[in-house]
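Each chain is listed here by its residues.
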Amino acid sequence: MRRPSLVTILGAAGALMLAVLTIWFLAGTLSATDHHASGIVVVIPDHPSSEEPAASVVAALPDAVEPQTGQPSPPSQSPLPADQAPVADSAPQAEPAPAVEEPPPPQNAAIIETIRAKLKDADLRKGANADDLAALEAFYAERSDPSLWMTEEGFSEQAQAVLDELGKAEDWGLSSQAFSVPSAATSPSTPDAQAIAEIELDLAILKYARFAKGGRTTPNELSKIIDQTLALPDPKIVMTEIAAADAPDDYLKSLHPKHEQFQKLREALAEAREEDAEDADIDRIVINMERWRWMPDDLGPRYVQINVPEFMAFIVKDGKTVYEDKVVVGKQVYATPIFSADMTSIVFNPEWTVPPTVIREDLLPKLRAGGSGWFSSSSNTSVLKHHKLKVRYNGRPVDPNKIDWKKVNMAAISFVQPPGPTNVLGKVKFLYPNVHAVYMHDTIKKGLMDKEVRVEGHHCPRVANPGKFAGVLLAEDQGTTSDEIEKLMTKGHNSAIEIKTPIPVHTTYFTAVVDGEGKVKTFGDIYKLDAVVTKALAPDLKAVVTAAKPASPAGEGIELPHRKPAASGALADSTP
């Protein structure tokens, strides 16, 4: 092999030295020009991914330092060409905004779907109130929020307040044992168990709302003389309102009657239970509280109340009694019915149209006892002459002696007694149209008002001083004076005065009331209705007597009865 010449070797060495010098020179230049750079771009992806572009993060660095002196190198006197000049960093790059994390879904949001499914479960629906179930289906179908009463730890704070109030039902004359709910300490851990617990509490709330308004019974089915229709709450509205309530326990309290007598009886109940009164006395208070649940919520700004067992009638204005008078009521076989209707007119010196019961039981048997035929003996019509009764056929006067009383269509016959001293209605009648054909009126048997127990005759209440009673009503309604009332009573003949603003008339049956001094007054159960209501409420009455006594009339501090969870598989225990 041929060795390289010395010239070749020296040439290669020179080229190498030139390259080294060039590199050294360039390194010094770059060091002098790069000391202005204050940052370096580091690629740091938030979530590394092979497909995801990296996000830029600026990391600040100190100025370059000469390794020999530790001092910053002086700026280069030979600037780079314009196209190689470093980018100024006087405005630092802004850091990107941190990523906004989506809030986690509510912990119990899944319960809503489970509740909707459970409400369709045939086994769970057995025995449950159909209206309540329909209301819950509608309520939860519209609800997008988390469940109403449940958390992962069990019942919410508001649910606990509801449970506490349900446990105080005895303070209101109800029974806490009627509302089947899980124990307040229950902590269901699965969606199914949580859904069932919420539904059970919902049904207990709806049942309580119904009972607060008198729905423990159907009054009209207890006796034929009770004609009171309950105004039960709409369960869908109850759910909507209690869900929006800041204090759901206060909402439950608000469902009870607002009438002053109901509240006074409730206070009397608390006192009786605290003093360990006789069971019969406690029962009577609860029975009469229940009767207030059957009354209209609004009695009217001005109304008449006839309390049958008390044998009294009252005119009430703005909650205050402005006039009261004695009344006579029908004997038991012709009991005065319990109902409400609006008074529309007052008639002075009225005609009396004989009511159907009197026709059927008194007149017709006597009329049919005589002969028959159009020209039969008139002896059978003597009862008509005795009471000065006129006979009308389809509204036209007819001769009673020409009627075959055994064949005539009695639906077309009416008997009318003209005004006068023997008219059984006396001087005044108060008309409030109703299906019972019952109305207040005067009586010609004034001695009946001297009796303590004023039970006599047929259904209509008879008033001791009808002129005064009418005067108070008409003075308020249209400014009628006492002189005008006296003139109508003396000279009027079937003179009707229309009432401008109808006046509610409430015929009631309260055997216990609280007087102005807070004392409970009781009256005889003349129609034996207390016994009927006692039988209907028997289980609850026992619970009120035996439950833990309240610490105060408001029921604060009552220890909740310990109740086992309702049987799984059906919700029937939560409904009537």
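Above this text is the structure in question.
Residues numbered from 1 in each chain as written. Predicted model: local features only at pLDDT ≥ 70, side-chain atom pairs only at ≥ 80, totals over all residues. Heavy atoms only, no water.

Further remarks concern the packing of helix α11 (residues 279-293) against helix α16 (residues 529-546). For the pair α11 and α16, interaxial distance at closest approach is 9 Å and the crossing angle is 110°. Here α11 is positioned roughly perpendicular relative to α16, judged by the angle of their axes. α16 is crossed by α11, and the crossing has right-handed handedness. Seen from α11, the contacting residues are Asp-279, Ile-282, Asp-283, Arg-284, Val-286, Ile-287, Glu-290 and Arg-291; seen from α16, they are Leu-529, Asp-530, Val-533, Thr-534, Leu-537, Leu-541, Val-544 and Val-545. Per-class residue counts for the contact of α11 with α16 are nine nonpolar, one polar and six charged. (Axes fitted to C-alpha atoms, helices over the stretch in contact; angles between N-to-C directions. Helix = DSSP H or I, 4+ residues; strand = E, 2+ residues; numbered from the N terminus. Parallel < 35°, antiparallel > 145°, perpendicular 65-115°, else oblique. Left-handed = near helix turned anticlockwise from the far one by under 90°. Contact = heavy atoms within 4.5 Å. Nonpolar A, V, L, I, M, F, W, Y, C, P; charged D, E, K, R; others polar.)

With that out of the way, let us pick up the nonpolar core. Counting 126 residues, the largest nonpolar core has Leu-201, Val-304, Met-343, Ile-346, Trp-405, Phe-415 and Phe-469 as its most contacted members. The greatest single-element share of this core, amounting to 12 residues, is contributed by helix α6 (residues 191-212). Among residues more than four places away in sequence, those in contact with Phe-415 are Trp-352, Thr-353, Val-354, Ile-359, Leu-363, Leu-367, Leu-384, Lys-390, Val-391, Trp-405 and Met-410. (Core = buried A, V, L, I, M, F, W, Y, C linked by side-chain atoms within 4.5 Å. Buried < 20%, exposed > 50% of the residue type's maximum accessible area, 1.4 Å probe, protein only.)

Time to look at the packing of aromatic side chains. According to the stated counting rule, one finds nine aromatic pairs in the structure shown. Where Phe-339 meets Tyr-432, the ring centres are 6.2 Å apart and the plane angle is 35°; that geometry is what we call tilted. Separated by 93 residues along the polypeptide, Phe-339 in strand β8 (residues 339-348) and Tyr-432 in the loop between β13 (428-431) and β14 (440-441) bring together distant segments of the chain. For Phe-339, a relative accessible area of 3% translates into the label buried. Their ring planes at 25° and their centres at 5.8 Å tell us that Trp-405 and Phe-415 sit as a pair that is stacked. Taken as a pair, Trp-405 in the loop between β11 (396-397) and β12 (413-417) and Phe-415 in strand β12 lie far apart in primary sequence, 10 residues in all. Classification of Phe-415 as buried rests on a relative accessible area of 0%. We note Arg-266 situated over the ring of Trp-172; from NZ or CZ to the ring centre the distance is 3.6 Å. (Phe/Tyr/Trp six-rings, centres within 6.5 Å; stacked < 30°, edge-to-face > 60°. Lys NZ or Arg CZ within 6 Å of the ring centre and 35° of its normal.)

Here Asp-192 shows up in helix α6. Of the residues examined, Asp-192 reaches a relative accessible area of 39% and is grouped as partly exposed. Taking C-alpha positions, Asp-192 is 7.8 Å from Ile-111, a pair spaced 81 residues apart along the chain.

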